[in-house]
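Analysis of the macromolecular model
So the chains spell out like this:
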Amino acid sequence: ILTLGIESSCDETSAAVLRGGRTILSNVISTQIPIHQKFGGVVPEIASRKHIVNIMPVIDEAVRQAGVTLKDIDQVAVTYGPGLVGALLVGVSAAKALAFALDKPLIGVNHLEGHIFANFLAEPTLEPPFMALVVSGGHTALVDVRGYDSFHMMGQTRDDAAGEAFDKIARVMGLPYPGGPRIDALAKEGDPLAIDFPRALEEKGNYEFSFSGLKSAVLNYINSEKMKGHELRKADIAASFQHSVVEVLVEKAFDAVRRAGRDTLVLAGGVAANSGLEARLRERAKETGVRFFYPNRILCTDNAAMIACRGYYQAKHGDFSDLYLNAVPGLGLEERE
Ligand code: ATP
Ligand code: MG
Ligand code: FE
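About the thresholds
- Residues numbered from 1 in each chain as written.
- Chains lettered and ligands numbered in written order.
- Predicted model: local features only at pLDDT ≥ 70, side-chain atom pairs only at ≥ 80, totals over all residues.
- UniProt positions renumbered as here; feature names shortened; annotations may be inferred.
- Helix = DSSP H or I, 4+ residues; strand = E, 2+ residues; numbered from the N terminus.
- Contact = placed C-beta atoms within 7 Å.
- Buried ≥ 20, exposed ≤ 12 C-beta atoms within 10 Å, placed from the backbone.
- Pairing = 2+ DSSP bridges.
- Axes fitted to C-alpha atoms, helices over the stretch in contact; angles between N-to-C directions.
- Expected span 1.5 Å × (residues − 1).
- Near = placed C-beta within 6 Å.
- Nonpolar A, V, L, I, M, F, W, Y, C, P; charged D, E, K, R; others polar.
- Parallel < 35°, antiparallel > 145°, perpendicular 65-115°, else oblique.
- pLDDT = per-residue confidence, 0-100.

Here the focus is the UniProt feature "binding site: Fe cation" (unreviewed entry) in the chain. Feature annotation in UniProt places "binding site: Fe cation" (unreviewed entry) on His111, His115 and Asp302, given in this structure's numbering. Spatially, the listed residues are clustered: although they cover 192 residues, their C-alpha atoms lie within 8.6 Å of one another. Residue placement: histidine 111 occurs in helix 4 (residues 111-122). Every residue in contact with histidine 111, bar those within four places of it in the chain, is listed here: Ser9, Thr79, Gly81, Pro82 and Gly83. Note that aspartate 302 resides in the loop between helix 10 (297-300) and helix 11 (304-316). Its 27 C-beta neighbours within 10 Å are what place aspartate 302 among the buried residues. Setting aside anything within four residues of it in sequence, one finds aspartate 302 in contact with Glu7, Ser9, Cys10, Glu12 and Ser14.

This is how it looks when you write it as structure tokens:
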């Protein structure tokens, strides 16, 4: 069975073809990062326009690289939320048009579930149940994945997402968008213990996150250093900030693994590309005998292969959408039985 996946929730236009649930035939990603960089963040109106220009060429290229034709596609999976409404609508409209024209089923996919399912593409032996730490641009959550269609929410962020904090602090330090990879690179040259930033909600048994306090502490530190006329020690700031984020994520993730009685932890979302986070999780996994998987860089950040993968498993459960499918910008991760 061939699944065409389509993703356009933010600043990547992507299309992918999957054979079965786990074999990637193509995964074409057209990123708009260089276009948004000069504005220091994603400009929604520009994103929508670029998606409109790119969507059909990207789909055509995905089908071509897969060595098939549109007529061979058995089902169409598309991200319908969360994301920017104008951006989402481009993918949703294209998917509906294709499903209608080809007379094939349509599957609306939650982008965040897609991030989790990227792990099935990265690791062929992975099967539920397992714990997933979702750390993306807009979301931070611990999800107990009990089955392909059964998710239990352990906890989410009360305020900012981890990725948001990375991007905001990078911006204040004058680093280009997106800030996460820049902070990651700078942190390698800094001392993680140089500055003692707070770690939020550290109590055990609490799986909620909060990064706004840490973000404010770092911003206050930067401002007071600037006022004092000090040269900013950017590498130390990056390393200390990243250390605070990573320690909280690692503690809570392993606490959740233990609480739920799981033997496997997976990492999902764009911040999963963070080398400090990945290294600490790997280390703790080794110490505790927990299996740990994370997708490679391409599969961590936004891509359509993960959407096709999620769509494939939804279709197996008969979870299809009709042609009234609409974009839901504020869609969250939800409990599913
Ligand atoms: P969401 O998935 O919540 O809707 P999104 O799709 O915009 O949001 P992703 O594409 O999943 O987010 O991830 C992008 C985020 O990942 C950005 O905040 C970016 O800074 C962050 N990121 C990417 N690479 C790294 C890295 N190496 N270290 C830290 N953060 C990173
Ligand atoms: Mg992106
Ligand atoms: Fe994402």
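Additional details are given in the paragraphs that follow.
Of the consecutive residues glycine 81 and proline 82, the connecting peptide bond is found in the cis state with omega at -5 degrees. Structurally, the position occupied by proline 82 is in the loop between strand 4 (75-81) and helix 3 (85-102). Between proline 128 and proline 129 the backbone carries a cis peptide bond, its omega angle lying at 5 degrees. Within the secondary structure, proline 129 sits in the loop between helix 4 and strand 6 (130-135). Backbone geometry places aspartate 103, a non-glycine residue, at a positive phi of 60 degrees. Residue position: aspartate 103 is located in the loop between helix 3 and strand 5 (106-110).

Attention now goes to the sheet that holds strand 8 (residues 150-156). With mixed pairing, the five strands of this open sheet are ordered in space as 8-7-6-9-10. Every other strand in the sheet has two partners, leaving strand 8 and strand 10 (291-293) as the edge strands with one partner each. Between one strand axis and the next, the sheet turns by 20 degrees as a mean value, whatever way the strands run. Both strand 9 (residues 264-268) and strand 10 contribute to a ladder of three bridges, which runs parallel. Across the sheet, the residue bridging to valine 266 is phenylalanine 293, located in strand 10.

Another point: the pairing of strand 3 (residues 23-31). Taken together, the eight bridges between strand 2 (residues 12-19) and strand 3 define a ladder with antiparallel strand orientation. Among the inter-strand pairings, glutamate 12 is bridged to a residue of strand 3, identified as threonine 31. Taken together, strand 2 and the strand that follows it, strand 3, pair antiparallel across an intervening segment of three residues, in which glycine 20 is found at a positive phi of about 60 degrees.

The end-to-end C-alpha separation of helix 8 (residues 234-260) is 39 Å, in line with the 39 Å expected for 27 residues at 1.5 Å each. Positive backbone phi, approximately 70 degrees, marks glycine 261, located one or two places after helix 8.

Residues in contact with ligand 1 amount to 25 residues; listed here are only the nearest, Gly137, Gly138, Gly163, Gly180 and Gly270. Those elements that place two or more of their residues in the shell around ligand 1 are helix 4, helix 5 (162-172) and helix 6 (179-187). Per-element accounting of the shell around ligand 1 gives the leading share, four residues, to helix 6. Split into classes, the residues belonging to the shell around ligand 1 amount to seven nonpolar, 15 polar and three charged.

Here we come to the environment of aspartate 103. Judged by the 6 C-beta atoms lying within 10 Å of it, aspartate 103 is exposed. Counting along the chain gives 85 residues from aspartate 103 to leucine 18, while the straight-line C-alpha distance between them is 19 Å.

Because the α-helix completes a turn every 3.6 residues, residues three or four places apart line up on one side. When you tally the buried positions in helix 5, you get eight out of eleven residues, the bulk of the element. Every buried residue belonging to helix 5 is among Ala162, Gly163, Glu164, Ala165, Phe166, Asp167, Ile169 and Ala170, and all of these are buried. Where helix 5 is buried, its residues meet strand 6, strand 7 (140-147), helix 6, helix 7 (212-227) and helix 8.

The contact between helix 5 and helix 6 brings their axes to 8 Å, and the two run at 75 degrees. The angle between helix 5 and helix 6 places the two elements in the roughly perpendicular class. Counted together, Gly163, Phe166, Asp167, Ile169, Ala170 and Arg171 of helix 5 and Gly179, Gly180, Arg182 and Ile183 of helix 6 form the full contact between these two elements. When grouped by side-chain class, the residues that make up the contact of helix 5 with helix 6 number four nonpolar, three polar and three charged.

In this model, the chain carries an average pLDDT of 95, and 99% of its residues clear a pLDDT of 70 or more. The complex prediction reports pTM at 0.96, with the ipTM value standing at 0.97.

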